[in-house]
Amino acid sequence: MSQSDILAGLAAILEEVAGVDPADATADKTFIDDLDVDSLSMVEVVVAAEEKFGVKIPDEDVKSLKTVGDAVSYIQRAGVAA
Amino acid sequence: MTGSRLMGLGTYRPARVVTNDDLARRVATSDEWVRARTGIAARRIADADETIVSMGSMAAEKALASAGIDAADLDMVLLATCTNPSQIPGSGPQIAHRLGAGRAGALDLNAGCAGFSYALSMASDMVRAGSARHVMVVAAERLSDYTDWDDRSTCVLLADGAGAAVVGPAVTREIGPAVWGHDGGKAGAIRVPGYGDNLFRMEGQTVFRWAIALTPIVRRACELAGFAPADIAGVVPHQANLRIIDALVNGIGATNAVIARDVVDAGNTSAASIPLAFSRLLDGGRLQPGDPVLLFGFGAGLTYCGQVVRCP
């Protein structure tokens, strides 16, 4: 799956779970400070992303996902590994 | 084998109300921040004389009155708590003593926030097996004794209180089969380390993720009791945090049920939260005698237990 496909999918999840405007969900944005996604919403985003992209994102890796771009890269790598 | 039923409930809520603004004077937080992340607006915090034993006894006395039986009729007192002031002695026998339950067995059990559902299940099985006719299930907690008042991620959640239920015999099974399970591999996610460190710690994201994945198990409790989710009149999950409650309940399909939201002004009282929240729905007339209600406790262990019961 391409980076832009993952980004679009992630933006849809962010909109549904945390009410983020898809136009704001760009790679450079941080979840917490820029998009106001709090720690529990982040868990819901991760759970939805696992389902949507068929990847595993363990708890210990969630903290390293600071920006939307971090998550896109992680999902792409995890998808290749799977 | 005979059935079992809930005969009566009772509660004790500490007098002192602590608001989010009160906490904001001590830690960097705000009413808006706490409400948005937890749904909690206020909580009850016990004073020195509101102990596990005193709060539990008062809740139990109300449950006896509601059930219409005497303490002398009790064969067993089960106390669910994870916040005893010390490991030894347990508080269950002291509650039995204070009640005047002279011929009852008495013990404590610790299943964290799932304690009430586990104790209720054991009480029901004791009655059905004939080893007890009437069992007092008490859940009493003083989480404030273990709260780190400088940790803004947990001090806004934790609270104190007690609830109790009398379980007795019935022709049919008014207390449904329990679903239960654990993830002891995540034991560190909710902990009081001990050995000199007596402050509560929690990995909030780990617990949240574990809890919201329990939805299919919650649904299973309905199936085991013979109810479609749409036939459930009320859902009383452990009152951890409104975000968990909403996420957990959304997937059940209990479309006609009133959902307990006692956490908003009671905070998280661990094992006591289910009987407190359940009683409030009954007392407020939002549930009627005979209504099927789904109870589901989950938390430290990590462990969970739930069942469908008929309202007393």
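Predicted, not measured: the structure shown is a model, and the values here were computed from it. (Residues numbered from 1 in each chain as written. Chains lettered and ligands numbered in written order. Predicted model: local features only at pLDDT ≥ 70, side-chain atom pairs only at ≥ 80, totals over all residues.)

Examining the overall build of chain A
- Of the regular secondary structure elements, chain A holds four helices and zero strands.
- When the helices and strands of chain A are placed in sequence order, the string is α-α-α-α.
- Taking 12 Å as the expected radius of gyration for a compact globule of 82 residues, we find that chain A reaches 11 Å, a close match to that expectation.
- Principal-axis analysis of the C-alpha atoms gives chain A an extent of 30 × 25 × 20 Å. (Helix = DSSP H or I, 4+ residues; strand = E, 2+ residues; numbered from the N terminus. Rg over C-alpha atoms; globule rule 2.2 N^0.38 Å.)

Let's talk about the domain arrangement of chain B
Residues and elements named next belong to chain B.
- Domain assignment breaks chain B into domain 1 (3-170) and domain 2 (179-310).
- Here domain 1 and domain 2 have C-alpha centroids that lie 15 Å from each other.
- Those elements that place two or more of their residues in the side of domain 1 that touches domain 2 are β1 (3-12), β3 (42-45), α5 (115-129), β6 (135-142) and β7 (160-170).
- By residue class, the composition of the side of domain 1 that touches domain 2 is 23 nonpolar, 14 polar and six charged. (Domains from an automatic or database assignment. Nonpolar A, V, L, I, M, F, W, Y, C, P; charged D, E, K, R; others polar.)

Considerations on the packing of helix α2 (residues 39-53) of chain A against helix α6 (residues 204-212) of chain B
- Closest axis-to-axis distance for the α2(A)/α6(B) pair is 9 Å, and the angle between their directions is 45°. One element, α2(A), and the other, α6(B), form an angle in the oblique class. Relative to α6(B), the crossing made by α2(A) is right-handed. Where α2(A) approaches α6(B), its residues A:Ser39, A:Leu40, A:Val43 and A:Val47 are matched on the opposing element by B:Gly204, B:Gln205, B:Phe208 and B:Arg209.
- Among the residues making up the contact of α2(A) with α6(B), the classes are represented as four nonpolar, three polar and one charged. (Axes fitted to C-alpha atoms, helices over the stretch in contact; angles between N-to-C directions. Parallel < 35°, antiparallel > 145°, perpendicular 65-115°, else oblique. Left-handed = near helix turned anticlockwise from the far one by under 90°. Contact = placed C-beta atoms within 7 Å.)

Concerning unusual backbone geometry
- Between B:Ile88 and B:Pro89 the backbone carries a cis peptide bond, its omega angle lying at 0°.
- With respect to the helices and strands, B:Pro89 occurs in the loop between β4 (76-80) and α4 (92-99).
- At the junction of B:Gly301 and B:Leu302, the peptide bond is cis and its omega measures out at -15° in the coordinates.
- Note on placement: B:Leu302 falls in the loop between β13 (292-299) and β14 (303-310).
- Positive phi values are uncommon outside glycine, yet A:Asp36 reaches one of about 60°.
- Looking at where A:Asp36 falls in the secondary structure, it is placed in the loop between α1 (3-18) and α2.
- At B:Tyr195, a position not held by glycine, the phi torsion is positive, near 50°.

Brief notes about the sheet that holds strand β5 (residues 105-109) of chain B
Residue and element names in this part refer to chain B.
- Ordered in space as β1-β7-β6-β4-β5, the five strands form an open sheet in which the pairing is mixed. Because the sheet does not close on itself, it has two edges, and the strands there are β1 and β5. Here the average twist between neighbouring strands, direction ignored, is 20°.
- Across five bridges, β4 lies against β5 in parallel orientation. Opposite leucine 78, over in β5, you have leucine 107 as the bridge partner.
- Against the sheet, helix α3 (residues 52-67) touches β1, β4, β6 and β7, its axis set at about 130° to β1.
- On top of the sheet, helix α10 (residues 273-283) reaches β1, β6 and β7; it is set at about 95° to β1, its chief contact. (Pairing = 2+ DSSP bridges.)

A closer look at the packing of α6(B) against helix α8 (residues 242-250) of chain B
Residue and element names in this part refer to chain B.
- Between α6 and α8, the least distance of the axes is 9 Å, while the angle of their chain directions is 25°. If you check the angle between α6 and α8, you find them roughly parallel. Pair α6 / α8 crosses with right-handed handedness. Across the interface between the two elements, Phe208, Ala211 and Ile212 of α6 pack against Ile244, Ala247 and Leu248 of α8.
- For the contact of α6 with α8, a count of residues per class yields six nonpolar, no polar and no charged.

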